[in-house]
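# Observations on the model geometry
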Amino acid sequence: MPFVTLHPEWKEPLYQQLYQAIREAIESGQFPQGSKMPSIRRLPEELGVSRTTVESAYQQLCVEGYLKSRPQRGYFVAAPKKQDRQLPEQESALPKERCQPVVPVRYDFGTDRVDSETADITIWKRHIRDVLNRPDSIVSYGDPQGEPALRSALAAYTYRARGVRTSAGQIIIGAGIQPLLTILCGLLPHKQVAMDSSGFPQAERAFADCAFEVVRLPSDEEGLSVEALKKSGVHQVLVSPSSPVGQGTAMPPARRFALLQWARETGGLLIEDDYNGELRYTARPIPALQGSGEGSTVYLGSFSKLLLPSVRLSYMALPAPLLEQYAPRARAYNQTASKIEQLALADYIRSGQLERHLRRMRKLYSQKSQLLLDCLHKTFGEKYPAVLRETSLSVLVQMPQASQAAERASQQGVRVSAAGEDFLRLGFAGIPFSKIPDGVEALYQALFSRNQPLKKS
């Protein structure tokens, strides 16, 4: 994504600023014809805006012929560069009726937050205070690789929780996934990396900044196509085996085995993004891929949904060959994560609080997800089926004209997002338990109480 700066203080709406920036990028050739745009699922987090802002900008670009929406695949650049296509002047003006007043969010089904009532804030604050009361521990920069206490605690925790086989010396700490990927890019032997067609804008940005070519590969109901990976000739691939694929399940064992076999046969490298891998609650969590292929797998983990999104602590476990390359240059990197938070998290893990909190969250999210599914079935009926996306803490509702539906809901104070053009995404981590029934009812009223309800296309 070309660098975009949005200005909330300007009179011009954010979606119009984003629309203009993307349009100019397409016309200048920064987005070539046929290239895939960042997904609506990821771009709001990257830019710090609402899903509605991105959806509105994309929809207008589709209307004007700059983008084309492909169901289940995303948005693609449809227009050639400016010199190849002359547009009438009036195309630059957005329809006045789209400039809607901002409506306060009453029911937040977004996926970028957790419920403040369920977050372990009190105990987390206690661990922060304990670290602050140890001045000798916090008056230095700390270890560039990450605090040894935290790396040791993570090595033990990830083995218990995810089956990851690593040592403290193989773990690198960072303030989010992007700084870790930047370090990783300096260690990789090839300047190409593959990922599935759904994309991951933050990862793509890190790879692009390091002059890597990102190769998008097709997926099916079981996840990324291994046959397509073999044909691509790419030797490094970013995968998320624990994330939902198909109808909401994790990548099945046969596809996971095929990826490991590809790595063994080709000497390829798997970069495993284990986002929320331990937050599985309808059944036992599926072990991380790294545990079966530690020599050919880079493991990435974080605590954004398990602890707090504002605690920007992530970690990366390197296999031995990459660790040998990293060790001589480790001191050349500045540590991006707060030493205070690192030490607090180490204490939090070693005291057993993290795993106790994880057990509470599994129970809570099981109850929340079931309540949301029950309310959706009762209110929307079988015409609009819903499926649980477990580790992403969300539910997908089959809905035609999903972008339009999400925008209509936002005007009634219900925050949801479109997942392609055929599904609405409702997150349940951030909304209080007590608000879910009323939120679902408000969503239904927003979509179907008018004279012209949404219809299947």
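Before any of the text, the structure's been laid out above.
A brief report on the enclosed structure follows. Worth saying up front: this structure is predicted, and the values here are computed from it rather than measured.

Axis separation between helix α6 (residues 148–162) and helix α12 (residues 339–350) bottoms out at 8 Å; the angle between their running directions is 35 degrees. Crossing of α6 over α12 shows left-handed handedness. Along the contact surface, α6 presents Ala149, Leu150, Ala153, Leu154 and Tyr157, while α12 presents Gln342, Leu345, Ala346, Ile349 and Arg350. When the residues that make up the contact of α6 with α12 are grouped by side-chain class, the tally is eight nonpolar, one polar and one charged.

Quick look at α12 now. Given a rise of 1.5 Å per residue, 12 residues ought to cover 16 Å, and the 17 Å separating the end C-alpha atoms of α12 matches this to within 8%. Judged by how many residues are buried, α12 sits mostly within the fold: nine of 12 residues are covered. Within α12, burial applies to Lys339, Gln342, Leu343, Ala344, Leu345, Ala346, Asp347, Tyr348 and Ile349. Buried residues belonging to α12 abut α4 (121–132), α5 (135–138), α6, β4 (171–174) and α13 (353–380). Where α12 begins, one side-chain oxygen reaches toward the backbone nitrogen of Ile340, 3.2 Å away; that side chain belongs to Ser338. Phi turns positive, to about 85 degrees, at Gly352, one or two residues after α12.

What follows covers the packing of aromatic side chains. For the structure on display, the rule yields 13 aromatic pairs. Taken together, a centroid distance of 5.3 Å and an interplanar angle of 80 degrees make the contact between Phe380 and Tyr444 edge-to-face. Residue Phe380 is located in helix α13, and its partner Tyr444 is located in helix α15 (residues 436–448); the two are separated by 64 residues in the primary sequence. A relative accessible area of 7% places Phe380 in the buried class. Members of the aromatic cluster, connected to one another through ring pairs, are Tyr157, Tyr299, Phe303 and Tyr315. Across from the ring centre of Phe76, 6.0 Å away, lies the NZ or CZ of Lys36, which sits over that ring. One residue, Arg42, lies across the ring of Phe200, its end atom 4.1 Å from the ring centre.

Turning our eyes to something else, we now look at helix α1 (residues 14–27). Here α1 is 14 residues long and its end C-alpha atoms lie 20 Å apart, about the 20 Å a rise of 1.5 Å per residue gives. A large share of α1 lies buried, amounting to 10 of its 14 residues. When α1 is considered as a whole, its buried residues turn out to be Tyr15, Gln16, Gln17, Leu18, Tyr19, Ile22, Arg23, Ala25, Ile26 and Glu27. Buried residues belonging to α1 abut α2 (43–47), α3 (51–63), β1 (67–70) and β2 (74–77). A positive phi of about 90 degrees marks Gly29, the residue just after α1.

Its location among the elements puts Arg255 in helix α10 (residues 253–266). Separated by 3.3 Å, the side chains of Arg255 and Glu222 make a polar contact.

Looking now at the sheet that holds strand β17 (residues 423–427). In space, the four strands of this open sheet follow the order β13-β14-β17-β16, with antiparallel pairing throughout. Either end of the sheet is taken by a strand with one partner, and the two such strands are β13 (386–389) and β16 (417–418). Relative to β17, β16 is paired through two bridges, and the arrangement is antiparallel. Note that in β17 the partner of Ser417 across the bridge is Arg425.

Let us now look at the side chain of Ser369. Looking at the secondary structure, you find Ser369 in helix α13. For Ser369, the contacting residues outside a window of four places in its chain are Tyr281, Leu388 and Phe428.

Basis of the calculations
Residues numbered from 1 in each chain as written. Predicted model: local features only at pLDDT ≥ 70, side-chain atom pairs only at ≥ 80, totals over all residues. Heavy atoms only, no water. Axes fitted to C-alpha atoms, helices over the stretch in contact; angles between N-to-C directions. Helix = DSSP H or I, 4+ residues; strand = E, 2+ residues; numbered from the N terminus. Left-handed = near helix turned anticlockwise from the far one by under 90°. Contact = heavy atoms within 4.5 Å. Nonpolar A, V, L, I, M, F, W, Y, C, P; charged D, E, K, R; others polar. Expected span 1.5 Å × (residues − 1). Buried < 20%, exposed > 50% of the residue type's maximum accessible area, 1.4 Å probe, protein only. Polar contact = N/O pair within 3.5 Å; in protein donor to acceptor, adjacent residues only side chain to side chain. Phe/Tyr/Trp six-rings, centres within 6.5 Å; stacked < 30°, edge-to-face > 60°. Lys NZ or Arg CZ within 6 Å of the ring centre and 35° of its normal. Pairing = 2+ DSSP bridges.

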